[in-house]
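Commentary on secondary and tertiary structure
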Amino acid sequence: MSVGILFLIFAIGMAAAIPISAVLGILAVLPNAVNPSFPANAQLIIRSMLGGVDSFPILAVPMFILSGIIMARGGVSKKLFNVFSYFIGNKTAGMPIAVIVTCLFYGAISGSGPATTAAVGSMTIPILVSLGYDKVFVTALVAVAGGLGVIIPPSIPFILYGMTSGASVGKLFLAGVLPGLLIGGCLMAYAYYYCRTKGEDKEKLNEHYQAIRSQGFMKVFKDSFWALLTPVIILGSIYSGIASPTEAATISVFYSLIISLFIYKSLKFKEIIPVFKESIRTFTPIMFILAAAIAFARVLTFMQAPQQVAAAITSVFTTKFSILMVINVLLLFVGMVMDTSPAILILTPILVPIVQAVGVDPVHFGIIMVVNLAIGFVTPPVGINLFVGSSLTGIPVVEISKKAAPFIVAFIIALLVITFVPEISLLLTR
């Protein structure tokens, strides 16, 4: 059985809306079922699945998911939004920009795009709509800015990429800071242009701004201090060498519990069990996908898929520029039809040797890959952030995606800069 047939079956399974974990599991056992001499038999597949998820770095994933859910239940996003609104709420596009900055900070807590969209959107969308902003525009803004959750460290996709490629997760976290800020800046530029051309209800904005300012800086800052300190504790423990990313994820769980239960008192003890149940429901499907994707990646290695794909690409495209462009197009397409986790686990072993051959640092390529797949959060047909935004507002996904298009263009412009100016990603790692 050829690699092409496997990917054709994969495409058919995706089009038929079969759960991706089931599709990957079937593809993992299919070559041996067709040809019993193929080395990846059922026993090896099962060992690969169990061994793949029995990993210390992967433990960081459920911990960051749990931490993000606790923070969402604890209303941390509102406290972050208020402090940013205090400073820029009366400026042109100040409130939309405050939403983007909140997504940047909340991404440094949750490590997840959909979680960032849900937590920030559920709180900010009603506020901005009440201030006169177009509901579809605000929903699109939050959906796209939520993608920053997987680029600003800590990031669940960075953990998976590091596990698959062998790149340092700590370096990937550092490398994601400046690209995340660049993308945030591009999104802010379009938000400013939109508000400048479409206009804003200055009377409502000023009234809301004065209500926040009347509280006084110290009260607003004191109320948001512990929320602002969250990314400092998580990232500081990693970069100071006190904790590994997995240990930092566990620290974030305890920290989020302490501030939500005892400082903000926005979470009750009786809500802890439901929070744990929600985190289990969120992570369990991811675990099945991870196990199946790891087994499928092992089968592709046996079939020498990385070498075949590398030969196909390098036979047509010979320069570093052309190879990176075609890989970007490929990843953008993959992000449209596949979830981030299986995409990283399947494609990383195939693409990393290709880019290394033309002199691309694996850490830099990790940023390129995750940024591409983050764009997939807001591009149909998968576009999970679009569905999250739709569930929050009731607006059809198609309408949100139309308003999101200019934001996506800004995202792609940032992607091209990140791709061809590697120092943006690698500066802090050096």
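This structure is a prediction, so every number in the text was calculated from the model and none was measured.

**Some points on the overall build of the protein**
Along the backbone of the protein there are 22 helices and 0 strands. Its C-alpha atoms give the protein a radius of gyration of 22 Å, near enough to 22 Å, the size a compact globule of 430 residues would have. With respect to the principal axes defined by its C-alpha atoms, the protein has extents near 75 × 45 × 45 Å. Counting contacts in the protein only where the partners sit at least 6 residues apart, residues at least 24 apart contribute 79% of the total. Here the protein displays about 17500 Å² of accessible surface, and carbon together with sulfur accounts for 69% of that area.

**Description of a nonpolar patch on the surface**
A contiguous nonpolar patch, built from Phe225, Trp226, Phe254, Ile258, Phe262, Ile263 and Phe269 and spanning about 700 Å² of accessible area, is present on the exposed surface. Those elements that place two or more of their residues in the nonpolar patch are helix H13 (217-239) and helix H14 (245-263). Along the chain, Ile263 turns up in helix H14. Assessed through its relative accessible area of 35%, Ile263 is described here as partly exposed.

**Looking at unusual backbone geometry**
With an omega of -5 degrees, the peptide bond running from Pro153 to Pro154 counts as cis. Here Ala93, not a glycine, exhibits a phi torsion of approximately 65 degrees, which is positive. With respect to the helices and strands, Ala93 occurs in the loop between helix H5 (76-88) and helix H6 (94-110). If you check the backbone angles, Lys265 has positive phi at about 55 degrees while not being a glycine. Mapped onto the secondary structure, Lys265 falls in the loop between H14 and helix H15 (272-302).

**Notes on the pattern of salt bridges**
Per the stated rule, a full pass over the model turns up 5 salt bridges. Between Lys79 and Asp223 there is a salt bridge, with the nearest N and O atoms lying 3.7 Å from each other. One end of the pair, Lys79, is in helix H5; the other, Asp223, is in helix H13, and 144 residues separate them in sequence. You can call Asp223 partly exposed: its relative accessible area is 32%.

**Considering the side chain of Thr419**
As for its position among the elements, Thr419 is in helix H21 (residues 397-420). For Thr419, a relative accessible area of 2% gives the class buried. Here Asn328 takes part through its side chain, which lies 3.3 Å from a polar atom of the side chain of Thr419. Discounting chain neighbours no more than four positions away, the residues touching Thr419 are Leu324, Asn328, His364 and Ile368.

**Some points on the environment of Ala291**
With respect to the helices and strands, the residue Ala291 is situated in helix H15. In this structure Ala291 comes out as buried when scored by relative accessible area, which is 10%. Along the chain, Ala291 and Leu50 lie 241 residues apart, while their C-alpha atoms are 6.8 Å from each other. Here Ala291 is in contact with Met49 and Val53, once residues within four sequence places are set aside.

**Quick look at helix H17 (residues 320-337)**
Between its terminal C-alpha atoms H17 stretches 26 Å, which fits the 26 Å expected from 18 residues at 1.5 Å a residue. By the burial criterion, the buried members of H17 are Ser322, Ile323, Leu324, Ile327, Asn328, Leu331, Leu332, Val334 and Gly335. Buried residues along H17 sit against helix H16 (305-316), helix H18 (340-357), helix H19 (362-375) and H21.

**Considering the state of the cysteines**
Within this structure, the stated rule accounts for 0 disulfides. No disulfide involves Cys103; its sulfur sits 15 Å from that of Cys195, the nearest cysteine. With a relative accessible area of 3%, Cys195 lands in the buried category.

**A closer look at H15**
Its 31 residues give H15 an end-to-end C-alpha distance of 45 Å, which sits within 8% of 45 Å, the value for a rise of 1.5 Å per residue. The largest bend in H15 amounts to roughly 25 degrees and is located at Phe283, with the proline Pro285 lying one to four residues further along.

Calculation notes
- Residues numbered from 1 in each chain as written.
- Predicted model: local features only at pLDDT ≥ 70, side-chain atom pairs only at ≥ 80, totals over all residues.
- Heavy atoms only, no water.
- Helix = DSSP H or I, 4+ residues; strand = E, 2+ residues; numbered from the N terminus.
- Rg over C-alpha atoms; globule rule 2.2 N^0.38 Å.
- Contact = heavy atoms within 4.5 Å.
- Areas by Shrake-Rupley, 256 points an atom, 1.4 Å probe, with all protein chains shown as cover.
- Patch = residues over 30% accessible without salt bridge, like charges linked within 9 Å, V, L, I, M, F, W, Y side chains within 5 Å.
- Salt bridge = Lys/Arg side-chain N within 4 Å of Asp/Glu carboxyl O.
- Buried < 20%, exposed > 50% of the residue type's maximum accessible area, 1.4 Å probe, protein only.
- Polar contact = N/O pair within 3.5 Å; in protein donor to acceptor, adjacent residues only side chain to side chain.
- Expected span 1.5 Å × (residues − 1).
- Disulfide = S-S within 2.5 Å.
- Bend = angle between axes of the 7 residues up to and from the residue.

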